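Survey of secondary and tertiary structure
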Amino acid sequence: MTATATPATRRWVPPLLRQTPFRRYWTGQSVALLGDQITELALPLFAVLVAHAGPAEMGYLTAAALAPNLLFSLLFGGWADRRPYKRTIMVAADVARAVALLAVPVLYLLDALTMTQLYLVAFTVGTFSVLFEVCRTTLFVSLVSREDFLPANALLNGSRAFSSVAGASAGGLLVRLVGAPFALLLDAVSFVFSAVMIARVEVTEPTPSARRGLGLREGLSFIARHPVMRAAVSASTTLNLFNFMYLALVILYVTTELHITPDVLGLGMGLAAVGALIGAAVARRLAERFGVGPLYVFGYLMFPAPLILIPLAEGPHWLVLAMVFCAEFLSGFGVMVLDTAGGSLQASVIPDELRARVTGAHRTINYGIRPIGAVIGGALGTALGVRETLWIATIGALAGVLWLIVSPIPHMRRL
């Protein structure tokens, strides 16, 4: 590369990615998200295609992965706020998740892999994911200034969107070529890579809280008192209750009822997730044009509404595929808009000394409802039918926006 080409090239690189600590953090997260997408498709496909799981078992599998949010978020948040080096905790959590995923192909080769062991793997990965996430928010605000919250979240959500495109496609192809258990190996490798990159991040973390005890009530109290956090958590909890009723059953439904094969499902989800890339790319400009609060409210409509097309899908196979892909495309756009605006908004109102505790309390409520939704989805799928339950889940998810309409959030133009 010539000396004259370097400045021109740098103009195409976002300013945050020119900063080595953030670039390492972003790179590690991007690779880990790619691996996560493969697991998100491979694990339930193994349950359906190899273990022949029914609606109830699919609900239990989803619940096992999410139950640690309900059980441990408050505890981990209170504990992490008193630790001086949260980055070290994140590295250890990444390694633990990699080891847990490696158990799946090993047990499969030993002909000892059962649904019970899949539940245990999902629970273990979920537990260390909670520990990682309650520390991640502190590392994020240590690396990024307040005025850069929106572009930083846009970059992270752009990686998430790209992982949906590439990860789902790769996951479906890997399941078809080597089988679901071995597809999980790539996710294990991605966690190891994430651990290496985070270990190399040089950053000064906030001084840990000096208060004695875990302070488990302080995070909950802050959410209850703060009008923005109270509305945001109430809305996301409502949305997640119904959305995870949907997620517990959707792969079972599209593979057994709509007759979509794993490779086509992965390719379709990947192509449809281009909507998420577009959402991540334009979220910052939309926030500057219309305001962070109105964009957040819009995301709560744009994310769940298109999913109604899934239980609505019927007719010729090409039409069914088109409706599924359209639902994923539009929903992917909506969730990126929602997450970019919501993540920035919430990061701006939480004080540093309470950040891990508020994050833990938030995850306890917001993520804790997810296994409950998954179990309810599995039970209703068994009792009423899978398609009928998907109707309830997709329509019910729209109720989350009602919490925002009566809050200060629609009137918030800036962070």
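Residues numbered from 1 in each chain as written. Predicted model: local features only at pLDDT ≥ 70, side-chain atom pairs only at ≥ 80, totals over all residues. Heavy atoms only, no water.

What follows concerns the overall build of the chain. When helices and strands are counted, the chain shows 18 helices and 0 strands. Residues counted as buried form 55% of the 415 residues belonging to the chain. For the chain, contacts bridging at least 24 residues in sequence account for 89% of all contacts bridging at least 6. Taken as a whole, the chain presents about 17,700 Å² of accessible surface, with 67% of it coming from carbon and sulfur. (Helix = DSSP H or I, 4+ residues; strand = E, 2+ residues; numbered from the N terminus. Buried < 20%, exposed > 50% of the residue type's maximum accessible area, 1.4 Å probe, protein only. Contact = heavy atoms within 4.5 Å. Areas by Shrake-Rupley, 256 points an atom, 1.4 Å probe, with all protein chains shown as cover.)

Further remarks concern the nonpolar core. Membership of the largest hydrophobic core comes to 81 residues, with the highest contact counts inside it found for Leu258, Tyr296, Tyr300, Ile310, Leu404 and Ile409. With 15 residues, helix α9 (residues 227-256) is the single largest residue contributor to this core. If we skip the residues at most four places from it in the chain, Ile409 touches Val228, Ala231, Ala232, Gly293, Pro294, Tyr296, Val297, Leu345 and Leu404. Core analysis: the second largest hydrophobic core is formed by 29 residues, Ile89, Phe132, Val134 and Ala356 among them. (Core = buried A, V, L, I, M, F, W, Y, C linked by side-chain atoms within 4.5 Å.)

This part covers a nonpolar patch on the surface. A grouping of Leu49, Val50, Tyr108 and Leu109 is seen on the molecular surface, where their side chains present a nonpolar patch of about 380 Å² in accessible area. For Leu109, the position within the fold is in helix α4 (residues 86-109). (Patch = residues over 30% accessible without salt bridge, like charges linked within 9 Å, V, L, I, M, F, W, Y side chains within 5 Å. Salt bridge = Lys/Arg side-chain N within 4 Å of Asp/Glu carboxyl O.)

All told, the structure shown has 4 aromatic pairs when counted by the stated rule. For the ring pair Phe22 and Tyr25, a centre distance of 6.0 Å and an interplane angle of 50° mean the geometry is tilted. Placement of both Phe22 and Tyr25 in helix α2 (residues 20-49) is noted, with a separation of 3 residues, approximately one turn of the helix. Pair check on accessibility: Phe22 and Tyr25 agree, each one buried. Look at Phe72 and Phe123: their rings are 6.1 Å apart centre to centre, the planes differ by 70°, and that puts the pair in the edge-to-face class. (Phe/Tyr/Trp six-rings, centres within 6.5 Å; stacked < 30°, edge-to-face > 60°.)

Backbone geometry at His259 places phi at a positive 60°, although glycine is not the residue there. Tracing the sequence through the fold places His259 in the loop between α9 and α10 (262-272).

Between helix α11 (residues 274-290) and helix α12 (residues 292-302), the shortest axis-to-axis distance is 7 Å and the interhelical angle comes to 125°. Accordingly, the angle class assigned to the pair α11 and α12 is oblique. Between α11, through Ala283, Leu286, Ala287 and Phe290, and α12, the contact on the second element is made entirely by Val292, Pro294 and Leu295. Looking at the contact of α11 with α12 residue by residue, the classes come out as 7 nonpolar, no polar and no charged. (Axes fitted to C-alpha atoms, helices over the stretch in contact; angles between N-to-C directions. Parallel < 35°, antiparallel > 145°, perpendicular 65-115°, else oblique. Nonpolar A, V, L, I, M, F, W, Y, C, P; charged D, E, K, R; others polar.)

This part covers the environment of Val91. Note on placement: Val91 falls in helix α4. On the basis of relative accessible area, Val91 is assigned to the buried category, the value being 18%. Through-space distance from the C-alpha of Val91 to that of Ala199 is 6.4 Å; in sequence the pair is 108 residues apart. The contact partners of Val91, leaving out residues within four places of it in the chain, are Ala195, Ile198 and Ala199.

Once that is clear, we can look at α4. Helix length check: α4 (24 residues) gives 36 Å between terminal C-alpha atoms against 34 Å at 1.5 Å per residue, within 8%. Two residues or fewer past α4, Asp111 is found with a positive phi of approximately 55°. (Expected span 1.5 Å × (residues − 1).)

Checked against the element boundaries, Phe182 lands in helix α7 (residues 180-199). Accessibility expressed as a relative area gives 27% for Phe182, which makes it partly exposed. Considered as a pair, Phe182 and Tyr108 are 74 residues apart in the sequence and their alpha carbons are 8.9 Å apart. The contacts of Phe182, once residues within four sequence positions are left out, are Pro105, Tyr108 and Leu109.

Moving on, we get to the confidence of the model for the chain. Averaged over all residues, the pLDDT of the chain is 80; the fraction at 70 or higher stands at 87%. Ranking the elements of the chain by mean pLDDT puts helix α1 (residues 5-11) last with 51 and helix α17 (residues 386-396) first with 93. Contacts of residues 1-5 to residues separated by more than four positions or lying in other chains number 2 contacts, the stretch itself having pLDDT below 50. (pLDDT = per-residue confidence, 0-100.)

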